[in-house]
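Observations on the model geometry
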Amino acid sequence: MRIEVGDIIPGIGIGEYLLGMKKNSLLEKIGNDYSERRVGQDESVIIIENAKIWLTKEGIVRQIAVTEGFSGSYKKCVTIGTTMQTIKDYFGAYEYVDYTYNILGVDGMCFELKDIEEWNELTAPIEWIFVFIN
């Protein structure tokens, strides 16, 4: 199972996968092709081929992440593979906080960059896009 397309909406969701949805609704969409593991005492993460979905202890989706194989976008600009140079050019500024990159003024979304041999934060491609509840 993969999440292949959909609009990225910070603080809301990715395509048909929405923050705040219940685990049973999520599982109806993804079927049985997933694994689940505990994260600490109060959370779990559902893992599918190109995504991770974090759940609260109550079974509510609180964060969604997509990676390679996902071709959707945020504002038709930010996709897997986009560089921070493109983010800087299009949105004006970004910040680095706790291993992730954020577009200044856009809450509920962040990125992790791919670890490439000649790493430069402006040219390294986005490897993971996260949306989350603030």
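Going by the structure above, here's the rest.
For clarity, every value in this text was computed on a predicted model and none was experimentally measured.

Quick notes on the rules
Residues numbered from 1 in each chain as written. Predicted model: local features only at pLDDT ≥ 70, side-chain atom pairs only at ≥ 80, totals over all residues. Heavy atoms only, no water. Helix = DSSP H or I, 4+ residues; strand = E, 2+ residues; numbered from the N terminus. Buried < 20%, exposed > 50% of the residue type's maximum accessible area, 1.4 Å probe, protein only. Polar contact = N/O pair within 3.5 Å; in protein donor to acceptor, adjacent residues only side chain to side chain. Contact = heavy atoms within 4.5 Å. Pairing = 2+ DSSP bridges. Salt bridge = Lys/Arg side-chain N within 4 Å of Asp/Glu carboxyl O.

Mapped onto the elements, T82 comes out in the loop between β7 (61–66) and α2 (84–91). Taking the relative accessible area as the measure of exposure, T82 reaches 8% and is therefore buried. Polar side-chain contacts of T82 include one of 3.3 Å to the backbone oxygen of C77. The contacts of T82, once residues within four sequence positions are left out, are C77, I87, A124, P125 and I126.

Another point: the side chain of T67. Along the chain, the position of T67 falls in the loop between β7 and α2. Note on T67: relative accessible area 12%, which makes it buried. Setting aside anything within four residues of it in sequence, one finds T67 in contact with N50, I80, E127 and W128.

A few words now on the environment of Y17. Mapped onto the secondary structure, Y17 falls in strand β3 (residues 17–18). Accessibility expressed as a relative area gives 5% for Y17, which makes it buried. Considering only alpha carbons, one finds Y17 and I48, 31 residues apart in sequence, at a separation of 13 Å. Not counting chain neighbours up to four residues away, the residues in contact with Y17 comprise M1, I3, L26, K29, I30 and I64.

With antiparallel pairing, the three strands of this open sheet are ordered in space as β1-β2-β3. Only two strands of the sheet have a single partner each, and these edge strands are β1 (8–9) and β3. As paired strands, β1 and strand β2 (residues 13–14) are joined by two bridges and run antiparallel to one another. Bridging from a neighbouring strand, I9 pairs with G13 of β2.

Summed over all chains, the structure comprises five salt bridges. When the shortest N-O distance is used, the salt bridge between E36 and K23 registers 2.9 Å. Note that E36 is positioned in strand β4 (residues 35–39) and K23 in helix α1 (residues 23–30), a separation of 13 residues in sequence. By relative accessible area, which is 34% here, E36 ends up partly exposed.

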